[in-house]
Amino acid sequence: MLFPRRNPTLFFCPGEEGYLAYDPAADCIHRLNPVASLIAELCDGRRSIDQIEILVERALPTARGSEVARCIREGAAAGLFVTWRGGSQAEDPAGVSQKLREEGKIEAAYICRYAAAEREPDNADHWSALGELAHILGRRDQARQAYERALELEPQDAETRHILTALRGEAPPSRASNAVIEQLYERFSTFYETNVLEELDFQGPKRLAALVEQVLPGRKALAVLDLGCGSGLAGAELRARCRRLVGIDLSQPMVRVAHERGIYDLLQVAEITEWLRNCTERFDLVIACDSLIYFGDLSQAVKPTAALLEPGGVMALSLEKGDESPFKLADSGRYTHHPDHVREAAAEAGLEVASLEEGFLRMEYGEEVTGLFAALRKPYP
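The structure contained in this document is the topic of the report that follows. (Residues numbered from 1 in each chain as written. Predicted model: local features only at pLDDT ≥ 70, side-chain atom pairs only at ≥ 80, totals over all residues. Heavy atoms only, no water.)

Considerations on the packing of aromatic side chains
Now for step 1: Taken as a whole and assessed by the stated rule, the structure comprises 7 aromatic pairs.
Now for step 2: Judged by centre distance (6.2 Å) and plane angle (90°), the ring pair of Tyr-185 and Tyr-294 falls under edge-to-face. Highlighted residues: Tyr-185 in helix α9 (residues 178-188) and Tyr-294 in the loop between β9 (283-289) and α15 (299-308), separated in sequence by 109 residues. For the residue pair Tyr-185 and Tyr-294, the accessibility class agrees, reading buried in each case.
Now for step 3: Ring geometry for Phe-188 and Tyr-192: centres 5.1 Å apart, planes at 85°, overall edge-to-face. Grouping residues by exposure puts Phe-188 and Tyr-192 together as buried.
Now for step 4: Put simply, the rings of Tyr-185, Phe-188, Phe-191, Tyr-192 and Tyr-294 touch in pairs and so form one group of aromatic residues. (Phe/Tyr/Trp six-rings, centres within 6.5 Å; stacked < 30°, edge-to-face > 60°. Helix = DSSP H or I, 4+ residues; strand = E, 2+ residues; numbered from the N terminus. Buried < 20%, exposed > 50% of the residue type's maximum accessible area, 1.4 Å probe, protein only.)

Shown next as C-alpha cells:
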C-alpha cells in the first residue's frame, strides 16, 4: 500500500488559487489548482491513496476516486509527491530564497522564504523578508500579514510599524519618525551607493544639478545647504559651484560616508525641520535630493527653508510623483506627492515655482519610478 507525501526537497506555499511549489533542482514553479492543492495537503505520508480518495470525495462530491489517483500519479511523475520514506530534506530555504532574489526570481524567492518562515516561525527576519517579497509581487494582503507577524516578534521595529501604517490604510504620520530613518539607513549605509547607482540607476543628483544650472545659469561661489545629504551624491554634483557646502542628515552612518568624500565644509547629524528652525545662516541654494520623500506635507520643510534663502535664492528638490493629492504614504514607506501640492507648499512659503518637471528618477523592482524635480525661488523684495 502506497502512502504518498509531498516531496521533501521541494518548497510549498499557498498561492492565490492554490499551492505553489518550487523545485530547486529543476528551477521551476508548479502551480496547483484547488483540487490538486487539497490532495497535496492530504499527502502527508500517513494516508494511503484509498484514504485520500475518500476524503477528497467527501469534500468535493464531484471528484472521483480515479481522478484523485491519477492526480497523485501525475504529481509523482512531476516530482511533487513521493511514496518512499527518508531521503534528502530540502536545502536551507532562507539561503535559497536570498540567492533567487539576487537572480531576480522573486516569486520563487517568495515561496522559499515562506517555507523558511514555516520552519522557523519565531524568526522575525523571515517574516520581514517575506513581507518585502510579497510587496514586490503586489500581494498587499500577504505583505500586511507577514509584516504584522514580524512586528509581533519585534515590537520595537519602527520601520515595519511605519510600513504597516500604509498597508493597513491608517492615517499616516506627518513624516517618517526619526527612529524609522535611523533604522533604515543603519542597514542601508553599507551598500547604499552600490544599490542606488548600479542597481536602481538613480538619477536624482544629476537631474537636480541640471535643474540648478537651468535656474541659476553659470552661478558659482554659492552658499549651499544639502538637506538629507546622505552619502553626498548630490553634494558631489554641485561642489564646483560652492564657496560653502553644508550637509545635514539624520543618519550618522550616512554622514560618515559623506565625510569620507571630503567635499563638505560642515556636516552635522540632525533632523531636517529641527535644524532649519535653529539655523541662523543664509543660503543661495538649498537642495533636498530624495530626502523629502519621508515627509507628507512639504510645508514642514519648505516654509522654514524659505526663511533661510537669500533673495533670489533657490530651493531645488526631487520627489516621487504621486497621482493622489496632496500626498500619500505608499506601501514602500515613502511618501508620493502630487505636483499641485508642490505649488501649494511653495505659495504658502512665499516662493515662486521657477521650474517643476517630471521624469525618470530611478528603478524600483524592475519598474521605472517617475520623479518630480522642482526649483522654488525666493523673490526679491
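Observations regarding the sheet that holds strand β14 (residues 367-377)
Now for step 1: Judged by pairing direction, the sheet is mixed, and its 7 strands sit side by side in the order β8-β7-β6-β9-β10-β14-β13 without closing on themselves. The two strands at the open ends of the sheet, each matched to only one other strand, are β8 (266-269) and β13 (352-364). Going from strand to strand, the sheet's axes swing by 15° on average, the running direction of each strand aside.
Now for step 2: In the sheet, β9 pairs with strand β10 (residues 309-320) via 6 bridges, with the strands oriented parallel. Bridge pairing links Cys-289 to Ser-318 in β10.
Now for step 3: Strands β6 (222-227), β9, β10 and β14 of the sheet are contacted by α15, whose axis makes an angle of about 155° with β10. (Pairing = 2+ DSSP bridges. Axes fitted to C-alpha atoms, helices over the stretch in contact; angles between N-to-C directions. Contact = heavy atoms within 4.5 Å.)

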